[in-house]
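# An overview of the molecular structure
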Amino acid sequence: MNSNLRMAVTLEEAPWLGWILVKALMRFAFMVANNLVAIPSYICYVIVLQPLRVLNSKRFWYIEGIMYKWLLGMVASWGWYAGYTVMEWGEDIKAISKDEAVMLVNHQATGDVCTLMMCLQDKGLVVAQMMWLMDHIFKYTNFGIVSLIHGDFFIRQGKSHRDQQLLLLKKHLENNYRSRDRKWIVLFPEGGFLRKRRETSQAFAKKNNLPFLTHVTLPRIGATKIILSALVARQENGSPVGGDAKELDSKSEGLQWIIDTTIAYPKAEPIDIQTWILGYRKPAVTHVHYRIFPVKDVPLETDDLADWLYQRFIEKEDLLSHFYETGAFPPPKGHKEAVSRDMTLSNMWIFLIQSFAFLSGYMWYNIFQYFYHCLF
């Protein structure tokens, strides 16, 4: 009887499973087509615009940044139309979208990057002027060439590479951050996915009498220290210049804000890039919580900075514990309720950038075909 029941359930689910498979194949085919037209078109435009880079570098990087934002918008749209949306909590980071900032983000899966690509699309030119610090493996993906052109930094993990990578990061910031008019940096201080680093982090915490964390791992300090040392403007007395916590329209030069960003998935089940592309998982809302800290309140000495970062991730642990217990982030101090905001993408805007990508691909194909016939 149990065998017959299982067979009946399987037969009932067959059409649904079949539709999931067909939909996944269709989405994969569209993703491949999207990449085949959008990425080569981006590269061709960048090549053609090289004279502008010589004549007006700022204008060149502005145009490149807009195209970069459109490409990330296309990636965001793959999840959007699969029903993977974002709910935002905490402080409104739109208020500092024109200032320089570093986002410190907890890292659970490859879907974290896609989530940020989506939720930052409506934050003005943030995505266009953003620099990502990501694992070097991303260099060998289809998007790697775009990130290389844009000036993102690929960091190699592991103790044997750590010192060399930090020197390379310092040099990369000096050569690319200001010259390309970058404003925001996205950093995952944990140095790897939660599932891979949790055990090591807990052993380190036990050895050093630090809190036992489950939903995050203790952050690594090196990249954060390099970024702050390289980009924070200094006063004559050596103290950092930064914005005021009560006046987010501060116009000080240099890095001004640290955005503590916490990503939470329903039931603590992260979304990976395969799910984002194929859409075989049921629609889900990813929750993103923001807290803004003036950089002038962040210590720059190694030990003090380590304590400050550890405290932020201990607080992340509390935020995530509360979320997984209640389905919502706790309210800020002095408030009775936490306020959430739906992040939305414009369907018309997605249609326009996708149309531009496919029309550009068609145009470049005809241009290359014309020159091919002229030469051969």
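Residues numbered from 1 in each chain as written. Predicted model: local features only at pLDDT ≥ 70, side-chain atom pairs only at ≥ 80, totals over all residues. Heavy atoms only, no water.

The protein is annotated in an unreviewed UniProt entry as Acyl-CoA:lysophosphatidylglycerol acyltransferase 1 of Vicugna pacos. Under the UniProt heading Sequence similarities (unreviewed entry), the note attached to the protein is "Belongs to the 1-acyl-sn-glycerol-3-phosphate acyltransferase family." (UniProt positions renumbered as here; feature names shortened; annotations may be inferred.)

## A few points about the pairing of strand 7 (residues 284-294)
Along strand 7, 10 of the 11 residues are buried, which leaves the element largely enclosed by surrounding structure. For strand 1 (residues 84-90) and strand 7, the ladder comprises 7 bridges, and the chain directions are parallel. What sits directly across from Glu88, in strand 7, is Val288. In this sheet, strand 7 lies alongside strand 6 (residues 255-264) in antiparallel orientation, the contact comprising 8 bridges. In the sheet register, Ile258 faces strand 7, and the bridge partner there is Phe293. (Buried < 20%, exposed > 50% of the residue type's maximum accessible area, 1.4 Å probe, protein only. Helix = DSSP H or I, 4+ residues; strand = E, 2+ residues; numbered from the N terminus. Pairing = 2+ DSSP bridges.)

## Some words on a nonpolar patch on the surface
Taken together, the side chains of Tyr370, Phe371, Tyr372, Leu375 and Phe376 make up a nonpolar region of the molecular surface, amounting to roughly 690 Å² of accessible area. Residue position: Phe371 is located in helix 11 (residues 347-375). (Patch = residues over 30% accessible without salt bridge, like charges linked within 9 Å, V, L, I, M, F, W, Y side chains within 5 Å. Areas by Shrake-Rupley, 256 points an atom, 1.4 Å probe, with all protein chains shown as cover. Salt bridge = Lys/Arg side-chain N within 4 Å of Asp/Glu carboxyl O.)

## Regarding a negative patch on the surface
A surface patch of like charges, here negative, comprises Glu301, Asp303, Asp304 and Asp307. Within the fold, Asp307 resides in helix 10 (residues 302-326). (Lys, Arg positive; Asp, Glu negative; His and termini not counted. Charge placed at Lys NZ, Arg CZ, Asp CG, Glu CD.)

## Re the layout of surface pockets
Empty space within the largest pocket amounts to approximately 1,000 Å³. Along the walls of the largest pocket sit 49 residues, with His107, Val113, Met134, Asp135 and Phe138 positioned nearest its centre. Considered class by class, the residues forming the lining of the largest pocket number 28 nonpolar, 15 polar and 6 charged. Taken as a whole, the second largest pocket encloses approximately 540 Å³ of empty space. Residue lining of the second largest pocket: 19 residues in total, with His289, Arg291, Pro331, Pro332 and Lys333 positioned closest to the centre. Secondary-structure elements contributing two or more residues to the lining of the second largest pocket are strand 1, strand 7 and helix 10. Here the lining of the second largest pocket takes 5 residues from strand 7, the largest share from any one element. (1 Å grid on protein atoms, 1.4 Å probe; cavity = no way out; pocket = protein on both sides within 12 Å on 5 of 7 lines; lining within 4 Å. Points joined across faces, edges and corners; volume = space filled by probe spheres on them. Nonpolar A, V, L, I, M, F, W, Y, C, P; charged D, E, K, R; others polar.)

## Looking at the packing of helix 3 (residues 57-80) against helix 4 (residues 111-119)
Contact geometry of helix 3 with helix 4 gives a least axis separation of 8 Å together with a crossing angle of 105°. When the interaxial angle is binned, helix 3 and helix 4 end up roughly perpendicular. Across the interface between the two elements, Leu72, Val75, Ala76, Gly79 and Trp80 from helix 3 touch Cys114, Met117 and Met118 from helix 4. Residues of the contact of helix 3 with helix 4, tallied by class, amount to 7 nonpolar, 1 polar and no charged. (Axes fitted to C-alpha atoms, helices over the stretch in contact; angles between N-to-C directions. Parallel < 35°, antiparallel > 145°, perpendicular 65-115°, else oblique. Contact = heavy atoms within 4.5 Å.)

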